[in-house]
Amino acid sequence: MTTQNATRLTAAALATLDGVAVPAYDRSAITAGIVHFGVGGFHRAHQAKVIDDLLAQGKATDWGICGVGVMPSDKRMRDALTAQDYMYTLVEKHSDGELTARVIGSIVDYLYAPDDPEAVIERMADASIRIVSLTVTEGGYNINQVTGTFQLDEPGVAHDLTSDAPATVFGLVVEALRRRRDRGIVPFTVMSCDNLQNNGDVARHAFTTFAHAKDDELATWIDENVLFPNSMVDRITPVTTDDDRAEIARQFGIDDAWPVVCEPFFQWVLQDRFTDSRPPYQDAGVEVVDDVEPYEFIKLRLLNSSHQGLCYFGHLMGYRYAHDATQDPLIAEFLLAYMNTDATPTLKPVPGLDIEKYKPQLIERFSNPGIRDTVARLCAESSDRIPKWLLPVVRDQLAMPEPHVRFAAAIVASWARYAEGVDEQGGPIDVVDRLKERVMAAAQRYPNDKHAFLRDKELFGDLIDQPVFVEAYDRVLSSLHEVGARETLRMLLGHAS
């Protein structure tokens, strides 16, 4: 997997690394001011990178990051980071093949909650921690897609409501806030960085609902004293592969168990609402604003929804990497058609952002061959992504006098066809989704029950009762079965057969 001459990444090895930027600041002088749940590639390409930028400027030495894992899969991250003194390599992959690498040193500790939940709670209860941030995935907030309610009967949540040893992020964070209240310590800010519209509001709803079920008086205190800023983060960060590890070892001489690869583009827009204090994020390129929503709309409805637009059609057409799919002229044209016709009319203007330049820039970013983002990653967990990213576009359009949902409906139909679990050559599709059995069973009822997929109200609400949407969906799903994905795109785009 790695070359023989690569040096294992540790603090002691930093001085021996050549051709890669390493922390020039004294890491022993950094103290943690942030506890972060969900230390994956996304967090390490964004928030941890920003703190590292500030540390390199001689700032934010009391804003180091203590990572926390709660899922069984987080053991691997704990082991990888602990062995490397919590450092990792961040590699930007440019479209011309150039790689730029740096070692990030802003994470200074990592706790695995199942091993010692008390240690995690006490760390957050300490006055030095002023922010608890989250990248727990779109589905990690335990919100019912249709009703918008926090699900108190989820097994982990139900356990934490009656246990003194919490296991979920909700139980851990709320218990830490209780201790801070009881000790007279200013509460920390809860900062969501997940790909959710109004993610701070979603986090507030989730944590306060849990708290009300656990301790009504505490919940009232949280309502009145804890802030949950909204944020929008944009940087394509694919899953790290063994090929990435080997390439980093060859080019930079670093043996890194879990590096991060990403595109050069970076954007983080953050609402300036903090309970206590915050790092000088604006000094590291973060856009600190009063209202994040217009930025969110653009990112979720253009970038994230377009990812769903390319992945199902792309997979059915035989593509396995996002850049290969996007370089297909039919897919690129389809994505721009969706953005121009369906999504753009639902967006709010953002001062200083030229939306007509942003849309083709997305196609360029998706086409970057260096990223090697997989179609499979984009197809995964669709039951979390489609309702949160794409369906708000549909609903806003349906409220307009002349709704345009043809391309958005096509994306939903392509998901239904993909979810059948069999490709156009009869081969199996590995559907990865928290609702895998349910969505596959519904999709496979076609054509005997052609609307079984759409009748899942947890995912689609009342869209089954919207003729404009259903007719567009029916047309595409039928075409996908009759002539396949490529000819369906040609039909949608008005190309003669």
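Residues numbered from 1 in each chain as written. Predicted model: local features only at pLDDT ≥ 70, side-chain atom pairs only at ≥ 80, totals over all residues. Heavy atoms only, no water.

**Some remarks on the overall build of the protein**
Part 1 of the reasoning: Of the regular secondary structure elements, the protein holds 19 helices and 13 strands.
Part 2 of the reasoning: Considering the protein as a whole, with its 497 residues, one finds that 59% of them fall into the buried category.
Part 3 of the reasoning: Of the contacts made within the protein by residues no fewer than 6 positions apart, 77% connect residues no fewer than 24 positions apart.
Part 4 of the reasoning: Summed over all atoms, the accessible surface of the protein reaches about 19,200 Å², with 49% contributed by carbon and sulfur.
Part 5 of the reasoning: For the protein, the distance from the average position of its 48 positive side-chain charges to the average position of its 74 negative side-chain charges is 1 Å. (Helix = DSSP H or I, 4+ residues; strand = E, 2+ residues; numbered from the N terminus. Buried < 20%, exposed > 50% of the residue type's maximum accessible area, 1.4 Å probe, protein only. Contact = heavy atoms within 4.5 Å. Areas by Shrake-Rupley, 256 points an atom, 1.4 Å probe, with all protein chains shown as cover. Lys, Arg positive; Asp, Glu negative; His and termini not counted. Charge placed at Lys NZ, Arg CZ, Asp CG, Glu CD.)

**Points about the packing of helix H15 (residues 382-398) against helix H16 (residues 406-418)**
Part 1 of the reasoning: The interhelical angle for the contact between H15 and H16, taken along N-to-C directions, is 160 degrees, at an axis separation of 10 Å. When the axes of H15 and H16 are compared, the pair comes out roughly antiparallel. In this structure, the crossing between H15 and H16 has a hand that is left-handed. Two secondary-structure elements touch here, H15 through Ser 382, Ser 383, Ile 386, Leu 390, Leu 391 and Val 394 and H16 through Ala 408, Ile 411, Val 412 and Trp 415. (Axes fitted to C-alpha atoms, helices over the stretch in contact; angles between N-to-C directions. Parallel < 35°, antiparallel > 145°, perpendicular 65-115°, else oblique. Left-handed = near helix turned anticlockwise from the far one by under 90°.)

**Structural notes on the packing of aromatic side chains**
Part 1 of the reasoning: Scanning all chains against the criterion turns up twelve aromatic pairs.
Part 2 of the reasoning: An angle of 80 degrees between the planes, with centres 4.9 Å apart, marks the rings of Trp 415 and Phe 453 as edge-to-face. One end of the pair, Trp 415, is in helix H16; the other, Phe 453, is in the loop between helix H17 (436-443) and helix H18 (457-460), with 38 residues separating them in the sequence.
Part 3 of the reasoning: For Trp 415, a relative accessible area of 2% translates into the label buried.
Part 4 of the reasoning: Among the aromatic residues, those joined into a cluster by ring pairs are Phe 150, Phe 170, Phe 207 and Phe 228.
Part 5 of the reasoning: Above the face of the Trp 63 ring, Arg 130 is positioned so that its terminal group lies 3.9 Å from the ring centre.
Part 6 of the reasoning: The aromatic ring of Phe 297 is capped on one face by Arg 301, whose charged end is 4.1 Å from the ring centroid. (Phe/Tyr/Trp six-rings, centres within 6.5 Å; stacked < 30°, edge-to-face > 60°. Lys NZ or Arg CZ within 6 Å of the ring centre and 35° of its normal.)

**A few points about the environment of Ala 11**
Part 1 of the reasoning: As for its placement among the helices and strands, Ala 11 is situated in the loop between strand S1 (7-8) and strand S2 (32-37).
Part 2 of the reasoning: For the pair Ala 11 and Gly 67, spaced 56 residues apart in the sequence, the C-alpha separation amounts to 18 Å.
Part 3 of the reasoning: Residues in contact with Ala 11, not counting those within four places in the same chain, are Asp 85 and Met 87.

**With respect to H15**
Part 1 of the reasoning: Within H15, the axis deviates most sharply at Leu 391, by approximately 45 degrees, and proline Pro 392 lies no more than four positions further along.
Part 2 of the reasoning: Counting buried positions over the 17 residues of H15 gives 14, a clear majority of the element. (Bend = angle between axes of the 7 residues up to and from the residue.)

**Notes on the sheet that holds strand S12 (residues 267-271)**
Part 1 of the reasoning: With respect to topology, three strands assemble into an open sheet ordered S9-S12-S13, the strand pairing being mixed. The open sheet has two edge strands with one neighbour each: strand S9 (231-234) and strand S13 (287-289). Put simply, the sheet's adjacent strands are angled 15 degrees from each other on average, direction ignored.
Part 2 of the reasoning: Pairing between S9 and S12: four bridges, direction antiparallel. Bridging across to S12, Asp 234 finds its partner in Gln 267. (Pairing = 2+ DSSP bridges.)

**Digging into the pattern of salt bridges**
Part 1 of the reasoning: Evaluation of the coordinates by the stated rule reveals 39 salt bridges.
Part 2 of the reasoning: Among the ionic pairs, Glu 118 bridges to Arg 179, the shortest N-O distance being 2.6 Å. Here the residue Glu 118 occupies a position in helix H4 (residues 117-125), and Arg 179 occupies one in helix H6 (residues 169-183), the gap between them amounting to 61 residues.
Part 3 of the reasoning: The structure contains a network of salt bridges with shared partners spanning Glu 118, Glu 122, Glu 175, Arg 178, Arg 179, Arg 181, Asp 182 and Arg 183. (Salt bridge = Lys/Arg side-chain N within 4 Å of Asp/Glu carboxyl O.)

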